[in-house]
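The primary structure of each chain is shown beneath.
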Amino acid sequence: MFTASQLLDKINHHISEIQFTRTPKGLYEPIEYILSLGGKRIRPVLMLMGYNLYREDVASIYDPATAIEVYHNHTLLHDDLMDRSDVRRGKPTVHKVWNDNTAVLSGDAMLILAFRYMTGCPQEHLKEVMDLFSLTTLEICEGQQLDMEFESRCDVTEDEYIEMIRLKTAVLLAASLKIGAILAGATAEDAENLYNFGMHIGVAFQLQDDLLDVYGDPEVFGKKIGGDILCNKKTYMLIKALEHADEKQQEELNRWLNAETFQPAEKIKAVTEIYNQLNIRNVCENKMREYYTLAMESLAAVAVAEDRKKELKNLVKLLMYREM
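Residues numbered from 1 in each chain as written. Predicted model: local features only at pLDDT ≥ 70, side-chain atom pairs only at ≥ 80, totals over all residues. Heavy atoms only, no water.

If you look the chain up in an unreviewed UniProt entry, it shows as Polyprenyl synthetase family protein from Bacteroides xylanisolvens. Entered under Cofactor (unreviewed entry) in the UniProt record, the comment concerning the chain runs "Mg(2+)". (UniProt positions renumbered as here; feature names shortened; annotations may be inferred.)

And the structure:
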């Protein structure tokens, strides 16, 4: 059985050898650029790990694993554009290097390429995999729309937010694991337990992302700190702050949420101070642990030897306890 690090090396090597020979180059150069930025490749590695729980010939599913990574990067191009983010993985975003229209069009091309790569599945699994992949991509659009709608609302509930991040973030991790299991011939029950494992980890992972946007190290996090605060994103942190704030803190938060002109650093500092006063960091960490526990319960129900699940557990621990 391969380690996560070995699988990462394998999929990185495979992706690095992809050559886009079609024209015009102006469409494909941004795709090559975003894929060259690397990253942890969490989603394709999870697919390979889900497969590797049952079978060793992981090279046979490099195309579906590539599809997941290309699709994920497609969402990043569009997310960065919608959020007006300047940095991704420590480098300028595609719309900054090129322009907005290029980011949209190259992102669209990546979506189509992802579906083409996913059709590299064996025929006997093709319909089940494509049904899951297409549903997942649709759910991610639903999650993104909810995220945008939440920006203009001050009454977003915790349950609404958890559902949004389940759709926007968690379903792709879950689908990656489940597709890997399906392609390996796992039982329907095992595939579903791996899906639930990925779902719970995905929610925990996004909660951690919310936390890192406020308390993370930009060099480790890969993008500027405080972006969610500046965009008035209704993150778990903000929702819980609004829920627990006293009258004075509510007034202060609402003043910053409604401010049309402000100094970015001042707004980030002021909102973060309210989070500190309310111990929101600890509240978020507790919710992360809750979903981590649910994930481990789902993984425990997967009917393979415990030693074969060890690498998945190690990877998740590494991801969930990233350096702040």
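Chemist: Is there a simple way to think about helix 4 (residues 62-83) in this case?
Modeler: In an α-helix, one turn spans 3.6 residues, which is why side chains three or four residues apart end up on the same side. In this model helix 4 runs 31 Å from its N-terminal to its C-terminal C-alpha over 22 residues, within 8% of the 32 Å that 1.5 Å per residue would give. Most of helix 4 is tucked away, with 19 of its 22 residues classed as buried. Where helix 4 ends, the next residue or the one after it, Arg 84, has phi of about 55°, a positive value. (Helix = DSSP H or I, 4+ residues; strand = E, 2+ residues; numbered from the N terminus. Expected span 1.5 Å × (residues − 1). Buried < 20%, exposed > 50% of the residue type's maximum accessible area, 1.4 Å probe, protein only.)

Chemist: Sorry if this is basic, but what is going on with the nonpolar core here?
Modeler: If you look at soluble globular proteins, the nonpolar side chains tend to sit buried side by side. Ranked by internal contacts, the top residues of the largest apolar core, which has 110 residues, are Met 118, Phe 197, Leu 207, Tyr 275 and Leu 312. The biggest single contributor to this core is helix 8 (residues 158-183), with 15 residues. Among all residues touching Leu 207, those that are not within four sequence positions of it are Tyr 161, Ile 162, Ile 165, Tyr 236, Cys 284, Lys 287, Met 288 and Tyr 291. (Core = buried A, V, L, I, M, F, W, Y, C linked by side-chain atoms within 4.5 Å. Contact = heavy atoms within 4.5 Å.)

Chemist: Any chance you could explain the packing of aromatic side chains here in plain terms?
Modeler: Given two aromatic rings, one states the distance between the centres and the angle between the planes to describe the pair. Taken as a whole and assessed by the stated rule, the structure comprises four aromatic pairs. Centroid distance Tyr 33 to Trp 98: 5.4 Å. Interplanar angle 75°. Geometry classified as edge-to-face. Taken together, the residues Tyr 33 in helix 2 (residues 25-36) and Trp 98 in the loop between helix 5 (94-97) and helix 6 (100-118) connect sequence positions 65 residues apart. Since its relative accessible area comes to 28%, Trp 98 is described here as partly exposed. Taken together, the ring pairs connect Tyr 71, Phe 115 and Phe 133 into an aromatic cluster. Over the face of the ring belonging to Tyr 195 we find Lys 178, whose NZ or CZ atom lies 5.4 Å from the ring centre. (Phe/Tyr/Trp six-rings, centres within 6.5 Å; stacked < 30°, edge-to-face > 60°. Lys NZ or Arg CZ within 6 Å of the ring centre and 35° of its normal.)

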